[in-house]
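The primary structure of each chain is shown beneath.
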Amino acid sequence: MERTLAIIKPDAFAAGNAGKIISRIYQEGFRIVGMKKLFLSKVEAEGFYAVHRERPFFAELTDFMSRGPCVVMALEADNAIRRWRDVMGATNPAQAAAGTLRQEFGASIGENATHGSDAPETAAFEIAYFFAGVELL
Ligand code: GDP
């Protein structure tokens with residue numbers, strides 16, 4: 001079993017798509033081991049995306065992520081990291097395959113509806129960023 005950090009980003013939450021995305025998570029066979037709604041501050045968003053600090057879109061990304069409420073979840077399944085990224089689709093919704101969440105709910109490369117960890121080390125950092133051990137049941 002593996003865990004990954006998923007986020008329903010502020011665009012998808014504001015559009016009322018959280019329910020559909022959570023429903024898809026169950027359909028795909030993930031167990032939700034942690035879930036909370038947060039309204040990230042700019043500083044909290046910057047800390048979460050610290051690995052992207054040097055990227056040209058860092059300010060835009062952290063403004064977006066602190067623009068409104070989001071839902072953060074720790075998901076568990078076999079190969080959870082790879083499988084959740086497959087369900088999300090490509091970073092740019094315009095290139096995301098049919099039936100993926102980003103194709104269905106994303107608007108642009110920045111506002112792309114969902115987040116998923118990209119490796120075991122990042123999943124461990126990202127889950128610990130939002131959840132204490134006792135919240136992962
Ligand atoms: P991911 O692992 O598929 O989420 O993609 P990355 O790790 O490359 O980027 C992290 C997040 O930064 C993406 O999900 C987007 O929200 C955002 N992002 C990536 N590229 C761009 C870009 O060119 N412009 C803007 N505004 N945001 C971007």
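Here goes a summary of the coordinates provided. Please read these numbers as outputs of a predicted model, since none were measured by experiment.

## A short note on the packing of aromatic side chains
Here's step 1: Counted under the stated rule, the structure contains 6 aromatic pairs.
Here's step 2: Between F30 and W84, the ring centres sit 5.9 Å apart and the planes meet at 90°, which makes this aromatic pair edge-to-face. Here W84 lies in helix α5 (residues 80-88) and F30 lies in the loop between α2 (18-27) and β2 (31-38), a separation of 54 residues in the sequence. Both residues of the pair, F30 and W84, count as buried.
Here's step 3: Ring centres 5.9 Å apart and planes at 55° place the aromatic pair F48 and Y129 in the tilted group. Here the residue F48 occupies a position in helix α3 (residues 42-48), and Y129 occupies one in helix α7 (residues 120-130), the gap between them amounting to 81 residues.
Here's step 4: Through a chain of ring-to-ring contacts, the aromatic side chains of F48, Y49, F125, Y129 and F130 assemble into a single cluster.
Here's step 5: The ring of F30 carries the charged tip of R83 above its face, separated from the ring centre by 5.0 Å.

## Considering the sheet that holds strand β3 (residues 70-77)
Here's step 1: Read across the open sheet, the 4 strands follow the order β2-β3-β1-β4; overall the sheet is antiparallel. Both outer strands of the open sheet, β2 and β4 (114-116), are each paired with one neighbouring strand and no more. The mean angle between the axes of side-by-side strands here comes to 20°, regardless of whether they run parallel or antiparallel.
Here's step 2: As defined by bridge partners, strand β1 (residues 2-8) adjoins β4 across 3 bridges and the pair is classed as antiparallel. Considered in β4, the bridge of I8 is made with T114.
Here's step 3: Taken strand by strand, α2 contacts β1, β2, β3 and β4, and its axis lies near 165° from that of β2.
Here's step 4: The strands that α7 touches are β1, β2, β3 and β4; relative to β1, the one it contacts most, it runs at about 60°.

Calculation rules
- Within each chain, residue numbers correspond to sequence positions counted from 1 in written order.
- Totals for whole chains, interfaces and linings use every residue, but because this is a predicted model, local features are given only for residues with pLDDT of at least 70 and side-chain atom pairs only at 80 or more, for both listing and counting.
- The basis for every side-chain value is the complete set of non-hydrogen atoms in the structure, without hydrogens or water.
- By convention, a stacked pair of Phe, Tyr or Trp rings (six-membered ring in the case of Trp) has centres within 6.5 Å and planes under 30 degrees apart, an edge-to-face pair has planes over 60 apart, and any other such pair is tilted.
- The secondary structure listing takes helices from DSSP runs of H or I that are at least 4 residues long and strands from runs of E that are at least 2 residues long, numbered from the N terminus.
- Relative accessible area decides the class of each residue, using a 1.4 Å probe on protein chains only: under 20% of the type maximum gives buried, over 50% gives exposed, and in between gives partly exposed.
- By the criterion adopted, a ring carries a charge over it if an Arg CZ or a Lys NZ lies within 6 Å of its centre and within 35 degrees of its normal.
- Two strands are counted as paired when DSSP detects at least two bridges linking them.
- Helix axes are fitted only over the stretch in contact, all axes being lines through C-alpha atoms; the angle between N-to-C directions runs from 0 to 180 degrees.
- Contact definition: two residues touch when any of their heavy atoms are within 4.5 Å.

What is shown is where atoms sit, not what they do.
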